[in-house]
Structures are given as structure tokens and as C-alpha cells.
Amino acid sequence: MKFSKNSKCPCGSGKKYKECCYKWHKISKAPNALLLMKSRYSAYALGNADYIIKTTHPDSPHYEKDIKAWKNSIKNFSESEFKKLEIVEYKNEKKRAFVKFKAYIDDFVMEEESLFVKEDKWYYIKGV
Ligand SMILES: [Zn+2]
């Protein structure tokens, strides 16, 4: 079945995509780090490279200068099966936040505590 805006959101909220991460994907930002984390997972699952790029801080070690190559590697990664996202912990401060998560992708579990900062909007920095 083809994915549509009425499909269940990949982030696992149980909501339809159009009522969930789509809201952040279309404006390229999320209101807090937790929703940014979830919507970035959904963006990876859906191959939405632009969202990943626009929500990665330009000073992040993961920010790639070669946007075209970066887009390709995001698209390649999106071919994986994004099975489940589990939020383990969320620590929110005024200008930064930490989200510890487990992402079940293909046959592995990716665990990270991600650092996010708030400037004009929330950005992903890196795993800590
Ligand atoms: Zn979602």
C-alpha cells in the first residue's frame, strides 16, 4: 500500500501522518525538541531529506557541505525499514534539550541521546 497523508505516521503516535509529523514537515520546523526528534525519524522513514537538512544546525558535525551527496545518503538510508521509535527520556531546557531514543531500523537498534538547541527554531546538533 502506498503511503499517503492518511496513513499512520511513521513516528508511532498512532495518528494519521497529516495530523502528526506532516504539520512540521510542511513548515520545516517543530515546536519542541521532542516533536523535532519524532518528525526527523518520520522524515528519514519517508525520505524527506529537505526536512533533515533544514533541521540540522549548520554547526552540527552532521551538517554536510555537499548537500547533493547528503541528500543521496539520506535517501539511501530511507530505503531501510523504519520499524519503531521509542522515546526513552526527554529533558527540556529553555535553549537546549536532550532526547534519548531507540530507533528500530531493519535488524538493528540505534540508541542515541540527541542534543537539540533552540535558536530561531529547534535544531538537531548531535548524539552526546
Ligand atoms: Zn508523527
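Residues numbered from 1 in each chain as written. Predicted model: local features only at pLDDT ≥ 70, side-chain atom pairs only at ≥ 80, totals over all residues. Heavy atoms only, no water.

## Considering the coordination of the zinc ion
- At this site the zinc ion is bound by Cys9 (SG), Cys11 (SG), Cys20 (SG) and Cys21 (SG), with donor distances of 2.2 to 2.3 Å.
- Metal-centred angles of 101 to 117° between the four donor atoms at the zinc ion mark the site as tetrahedral.
- Sequence spacing of the donors to the zinc ion: C-x1-C-x8-C-C. Of this pair, Cys9 sits in the segment before α1 (22-25) while Cys20 sits in the segment before α1; the two residues are 11 residues apart in sequence, bridging distant segments of the chain.
- We classify Cys9 as buried; its relative accessible area is 6%. (Donors = N, O, S within 2.8 Å, 3.2 Å for Na, K, Ca; no water. Tetrahedral: all angles 85-135°; square planar, octahedral: opposite > 155°, others 65-115°. Helix = DSSP H or I, 4+ residues; strand = E, 2+ residues; numbered from the N terminus. Buried < 20%, exposed > 50% of the residue type's maximum accessible area, 1.4 Å probe, protein only.)

## Here's the deal with the packing of helix α2 (residues 33-46) against helix α4 (residues 67-78)
- Contact pair α2 / α4: the axes reach a minimum separation of 6 Å and the direction vectors enclose 85°. Of the possible angle classes, the one that applies to α2 and α4 is roughly perpendicular. Along the contact surface, α2 presents Ala43, Tyr44 and Ala45, while α4 presents Ile74, Phe77 and Ser78.
- Tallied by class, the residues present in the contact of α2 with α4 amount to five nonpolar, one polar and no charged. (Axes fitted to C-alpha atoms, helices over the stretch in contact; angles between N-to-C directions. Parallel < 35°, antiparallel > 145°, perpendicular 65-115°, else oblique. Contact = heavy atoms within 4.5 Å. Nonpolar A, V, L, I, M, F, W, Y, C, P; charged D, E, K, R; others polar.)

## A closer look at α2
- Relative to the 20 Å expected for 14 residues at 1.5 Å per residue, α2 spans 19 Å between its end C-alpha atoms, a close match to the ideal helical length.
- Among the residues of α2, Ala33, Leu36, Met37, Ser39, Arg40, Tyr41, Ser42 and Ala43 are the ones counted as buried.
- Following α2 by one or two positions, Gly47 adopts a phi angle in the positive range, close to 70°. (Expected span 1.5 Å × (residues − 1).)

## Quick notes on the side chain of Ser42
- Within the secondary structure layout, Ser42 lies in helix α2.
- We classify Ser42 as buried; its relative accessible area is 0%.
- One polar contact links the side chain of Ser42 to the main-chain amide nitrogen of Cys11, over a distance of 3.3 Å.
- Not counting residues up to four positions away in its chain, the partners in contact with Ser42 are Cys9, Pro10, Cys11, Cys21 and His25. (Polar contact = N/O pair within 3.5 Å; in protein donor to acceptor, adjacent residues only side chain to side chain.)

## Structural notes on the sheet that holds strand β2 (residues 96-105)
- The four strands are arranged β1-β2-β3-β4 in an open sheet whose pairing can be described as antiparallel. Of all the strands in the sheet, the pair left with one neighbour each is β1 (82-92) and β4 (122-127). Along the sheet, successive strands turn relative to each other by an average axial angle of 30°, direction set aside.
- With five bridges connecting them, strand β3 (residues 108-118) and β4 associate as antiparallel partners. Following the sheet pairing, Phe116 is matched in β4 by Tyr124.
- Where α2 meets the sheet, it contacts β1, β2, β3 and β4, and its direction lies at approximately 160° from that of β1. (Pairing = 2+ DSSP bridges.)

## Description of the environment of Lys15
- Position of Lys15 relative to the elements: it lies in the segment before α1.
- Residue class for Lys15 comes out partly exposed when judged on its relative accessible area of 43%.

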